[in-house]
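Topology and contacts: notes
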Amino acid sequence: MRRVVRGITARSLAAAACTGLPVAAWAHAFGERYELPAPLGYFVGGAAAAVALSFVVAAVFARNVPREPGAGIAIPLAPLIPALRVACQALSVLLLFMVVAAGLCGSANPEMNFAPVWVWIVWWVGLSFTVACIGNVWAALDPWRALFEAANAVARGLGCRSGLSLNRPYPQALGRWPAVVFLLMFVWIEVVYPRAAVPSLIAWMALAWSAITLGGMVWFGAEAWRGNADVFAIYFGTLARFAPLDIAPDGRAIVLRPPGRGLITAGAASSSMVAFVLAMLATVMFDGLLGTQAMALANAALADWITLPPLAPGYFLGTAGLIGTWLLFLLAYLLACRTTAGLAGDRSTGAVAQQFVLTLVPIAIAYSVAHYFHYLVVQGQLIIPLLSDPLGRRWDLFGTALYFPDIGLLDARFVWYLAVTSIVAGHVISIWLAHRLALREFGTHGKAIAASVPLTVLMVIYTVVSLLIIADPLVRYSGAGSAS
């Protein structure tokens, strides 16, 4: 856990070059392992049993068909929301310019540059947690939306009645498939591409996405683009459906609701949204899989089998593994939905998949907590000195340049128990939501139980696999020798 930016130190680069693995595979490693007080199988079996038991509890105690839930408790903040939004937009645009400026003009060392730490740690990981636990602040912080709205307002003020948007019809057949492709591409850069934390690359990525998304909003209109192809708007918006806070439809109040309610009031998702949610789960799982001994052995075997340049096996295995993990998750989910459709008798596989896919979002959140919380807390401290010296020029703008991150804040023991707790909790919440949704959709207690069984089995399997992946680089197995 001594690496400060997803495996970009000299030592991790050397290790990656020797093994052929993508550099990011080494990002979450700890210097020492936690020795479990009991065999690993006890933990995995207990977690799986807890998830299965939660289904029994839901079946016993949630018997009545729930009424359509209300929106929640509205907290009127009409005078405050516009001002907060303007402040958030100004801040987000400033941060975007800082990322580009730091990437192009700052130090080439990722540990001394604002761009990698902000993008990969604070924004991608930290904002994901914030959105899931509080609400969709990205809707206000999105700098590309802010830039487009500002330019659009100027265009209208100059007499262009339709503003900047050409409002070309968005192809309905595309759905949200562009966002699925963008998500897989973005995660590929994050976890497979060895130069992911190079500051100049991050700056050019930010500029490229600015051109793509601003061009998309001009061509199709802001709402059509953001609702279908803007991967970040869809990603954070999906996480925000779990959050306890939401903005009222009229934008004049904040709505307080039970966590997860937004996942079962959204209606059926599209087929492309099914693929997107499964990509959210699979990409986090694959990131953890990259750090396991099994992946290292597979990479070594591939390098022995096929003669390729030093890093080529890692690229091939990383790319194939990322896409394969997503397809495997998608296939497993569709098989569970097919079984559910057979038990229910009046639904197609596609209809079941579209109806229940959002109940998997708590699992995606749980996986993120298990894999990335320690990464955010420990390596996220780097943002403190970089706020004073964003370009690595030995500045001290706010007096924090000499702050040294405390790498001992979290140890492997804490991370292991947090991972077990979050994964079990995420699956339990998903099972509860799926059962409540099944009661509402299928109308009877018996049908709801039958329909929930295949998804519960799938979630138990997810629990076992995810804990085994997390345990591989993190713990020492009692009674099975020391893994190192």
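Everything numeric here is computed off the predicted structure, so don't read it as measured data. (Residues numbered from 1 in each chain as written. Predicted model: local features only at pLDDT ≥ 70, side-chain atom pairs only at ≥ 80, totals over all residues. Heavy atoms only, no water.)

1. Here's the deal with the overall build of the protein
As a reminder of what qualifies: Note on conventions: DSSP H or I runs of at least 4 residues are helices, E runs of at least 2 residues are strands, and numbering of each starts at the N terminus. Categorising residues by exposure relies on relative accessible area from a 1.4 Å probe, with only protein chains included: less than 20% of the type maximum marks a residue as buried, more than 50% marks it as exposed, and the intermediate range marks it as partly exposed. The protein chains shown are the only cover counted for residues, whose accessible areas, like all others here, come from Shrake-Rupley with a 1.4 Å probe.
The number of helices and strands found in the protein is 19 helices and five strands. Counting only residues that meet the buried cut, the protein has 51% of its 484 residues in that class. Within the structure as shown, the protein displays about 21,100 Å² of accessible surface, and the carbon and sulfur contribution to it stands at 69%.

2. Digging into unusual backbone geometry
What is expected of a backbone is that most residues other than glycine have negative phi and most peptide bonds are trans. Positive phi, close to 55°, is recorded for N167, a residue that is not glycine. The topology assignment puts N167 in the loop between helix 6 (143-157) and helix 7 (177-191). Although it is not a glycine, R394 adopts a positive phi angle of roughly 65°. Here R394 is to be found in the loop between helix 17 (383-388) and helix 18 (412-442).

3. Describing the pattern of salt bridges
Applied cut-off: Salt bridge, as used here: a side-chain nitrogen of Lys or Arg that lies within 4 Å of a carboxyl oxygen of Asp or Glu.
This model, assessed by the stated rule, comprises five salt bridges. Put simply, E149 and R145 hold a salt bridge, and the shortest N to O gap is 3.1 Å. Of this pair, E149 and R145 are both found in helix 6, four residues apart, which corresponds to roughly one turn of the helix. Judged by relative accessible area, which is 16%, R145 ranks as buried. With a closest N to O distance of 3.5 Å, E441 and R347 form a salt bridge. Here R347 lies in the loop between helix 14 (312-344) and helix 15 (349-356) and E441 lies in helix 18, a separation of 94 residues in the sequence. Its relative accessible area of 27% is what places R347 among the partly exposed residues. Members of the salt-bridge network, linked through shared partners, are R85, R145 and E149.

4. Digging into the environment of T238
Rules: By definition, residues are in contact when any of their heavy atoms lie within 4.5 Å. Here a polar contact is recorded for every N or O atom pair within 3.5 Å, except that within protein the pair must consist of a potential hydrogen donor and a potential acceptor, and residues adjacent in sequence are included only if both atoms are side-chain atoms.
Among the secondary structure elements, T238 is positioned in helix 10 (residues 231-240). For T238 and M280, which are 42 residues apart along the polypeptide, the C-alpha to C-alpha distance reads 9.8 Å. If near-sequence neighbours (up to four positions away) are discounted, T238 is found in contact with L263, M273, F276, V277, M280, L358 and V361. A distance of 2.7 Å separates a polar side-chain atom of T238 from the backbone oxygen of I234.

5. Topic: the pairing of strand 4 (residues 253-256)
Put simply, the rule is: Two strands qualify as a pair provided that DSSP identifies no fewer than 2 bridges between them.
Burial of strand 4 is one-sided: the residues A253 and V255 facing one way are buried, the residues I254 and L256 facing the other way are not. Relative to strand 4, strand 2 (residues 73-76) runs antiparallel, the two sharing four bridges. Within the sheet, the bridge partner assigned to P76 lies in strand 4 and is A253. In this sheet, strand 4 lies alongside strand 3 (residues 245-247) in antiparallel orientation, the contact comprising three bridges. For I247, the partnering residue across the bridge sits in strand 4 and is I254. Linking two consecutive strands that pair antiparallel, namely strand 3 and strand 4, is a turn of five residues; a positive phi of about 70° is found at G251 within it.

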